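# Observations on chain architecture
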Amino acid sequence: MTLTLRNSFMRNRIRNFFLPALILFFSISGLNGQEQNSEPDTLRKSALKIFLDCRNCDMNYTRQQIPYVNYVRDVREAEVYVLVTDQNTGSGGRQYTYTFSGQGRFKGMNDTLVYTANPDLTSAIIREKRTAILKMGLMRYVARTPMVDMIEISHQQNLETQEVKDNWNNWVFEFQTSPRFMAEESYRRLNLFNSFNITRITPDLKLEIEMDHTLNRQRFIQDDYDTTYIRKGESVDILLVKSLGDHWSTGLIGSLRSSTEANYKINLDFLPSVEYDLFPYSLATHKQLRILYGVGYQYSSYIDSSIYNLTSEGRFRHMLRFAYQVQEKWGSVNLSLTGSNYLHDFS
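The paragraphs below set out a description of the structure included in this document. Computed from a predicted model, the values in this text were never measured in an experiment.

## Some thoughts on the overall build of the protein
Scanning the protein from N- to C-terminus turns up three helices and 14 strands. Across the 347 residues in the protein, those meeting the buried criterion constitute 26%. The contacts of the protein with a sequence gap of at least 6 include a subset with a gap of at least 24, amounting to 49%. Summing over all exposed atoms, the protein offers an accessible surface of approximately 24,200 Å²; the carbon and sulfur share of this is 54%.

## Observations regarding the sheet that holds strand β3 (residues 80-88)
In space, the five strands of this open sheet follow the order β2-β1-β3-β4-β5, with mixed pairing throughout. One side of each edge strand has no neighbouring strand; the edge strands of this open sheet are β2 (69-71) and β5 (110-117). Taken over all neighbouring pairs, the strand axes of this sheet differ in orientation by 25 degrees on average, direction set aside. Packed on one face of the sheet, helix α3 (residues 123-142) meets β1 (48-53), β2, β3, β4 (94-102) and β5 and runs near 165 degrees to β5.

## With respect to the packing of aromatic side chains
Scanning the entire structure with this criterion turns up nine aromatic pairs. Seen in terms of ring centroids, Y264 and Y302 are 6.0 Å apart; in terms of plane orientation they differ by 20 degrees. Their pairing is stacked. Taken together, the residues Y264 in strand β11 (residues 264-277) and Y302 in strand β12 (residues 287-302) connect sequence positions 38 residues apart. Residue Y302 is classed as buried on the basis of its relative accessible area of 12%. What links up through ring pairs into an aromatic cluster is the set Y187, F220 and Y229. R127 extends its terminal NZ or CZ atom over the ring of Y61, reaching a point 3.9 Å from the ring centre.

## Section: the sheet that holds strand β8 (residues 205-221)
Backbone-to-backbone hydrogen bonds pair the strands of a sheet. The strands run either parallel or antiparallel. Read from one edge of the open sheet, nine strands run β6-β7-β8-β9-β10-β11-β12-β13-β14, paired in antiparallel fashion. Every interior strand has two partners, whereas the edge strands, β6 (171-183) and β14 (331-342), have only one. For this sheet, the mean angle separating the axes of adjacent strands, direction not counted, is 15 degrees. Inspection of the sheet shows strand β10 (residues 248-259) paired to β11 by eleven bridges, in the antiparallel sense.

Calculation rules
Within every chain, residues take consecutive numbers counted from 1 along the sequence as written. For a predicted model such as this one, the threshold for reporting local features is a pLDDT of at least 70, and the threshold for listing and counting side-chain atom pairs is 80 or more; totals across whole chains, interfaces and linings nevertheless cover every residue. The side-chain quantities take in all heavy atoms of the structure and omit both hydrogens and water. Secondary structure is summarised from DSSP: a helix means a run of H or I of at least four residues, a strand means a run of E of at least two, and numbering begins at the N terminus for each. Relative accessible area decides the class of each residue, using a 1.4 Å probe on protein chains only: under 20% of the type maximum gives buried, over 50% gives exposed, and in between gives partly exposed. Between two residues, a contact is recorded if the distance between any of their heavy atoms is within 4.5 Å. In these tables, accessible area is a Shrake-Rupley quantity obtained with a 1.4 Å probe, and a residue counts as shielded only by the protein chains included in the view. Here a strand pair is declared whenever DSSP counts at least two bridges between the two strands. Axes here mean lines fitted to C-alpha atoms, for a helix over just the part in contact, with angles spanning 0 to 180 degrees between N-to-C directions. We call Phe, Tyr and Trp rings a pair once their centres come within 6.5 Å, taking the six-membered ring for Trp, and we label the pair stacked below 30 degrees between planes, edge-to-face above 60, and tilted otherwise. Ring-over charges, as used throughout, are those where CZ of Arg or NZ of Lys falls within 6 Å of the ring centre and within 35 degrees of the ring normal.

Shape is all these values report; function is a separate question.
Encoded structure:
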């Protein structure tokens, strides 16, 4: 009986001593953990808020590579609005323009960076290079936040200054072919499209030559007849543009084609043109308001007589085209209007 009471007494002493000690220990540990986590939470709340307006960006990859900013879904909450636009280049690659617009405390701090991807680069390399451009553009804003202490800037050690020389002198040649064949017991079809393009684009002059060949052969096989239909065409299109400054350019639009479908044995179109852009050409990836006017001569020789009972004719004609394009925070607009008629009869 005495032993039992003593054991109970000892258990009560141990419980009364260790239980408060354990509670105190875990409370202190929890406070230390909160103090350690409070600093990253504070930095995260004070990190730069950006709105990335990009239709073809890999957002998961971007968030992984740039974790030191806050990505917001409402453009009004952003401190920096980033607009990404792109367009084709004369070499067959792609040019990406990153426009940084400061808002709120960064209002007035704007910048534009451009990255041009060569046509032989893989999508993974292009994604990496584009993300690097985005990092560089954000640094001037991140440098004004507490997150600057989390950033390190490095470069490759063996950098050398080297002038890149284009051995092709800006000439680009591109060949494309697209054959398709389908066969059944009573039907055969062959579609063939070949294209050969030549381009040369410099800041002062642009030359584009496109040569196309199409063939569509269909054969219907029945018990009492075997019929083949053939449609074919060849064409050469030429565009020559000379820059006259930030707003004006002049050029030549020409084409030579034949087509069994359009009843052309020969169709020649020669149209000297002049164009004016209300905005500078340097802003072409963001906004354009272009007015193009051309006047020239068209000659046609028909395979079969036309509805006016003519086998050939030559006409002077002119063309007027309006084109408006804009891409802003609220979205994008693409409009164009083209009118053309022959000078001998405006009806």
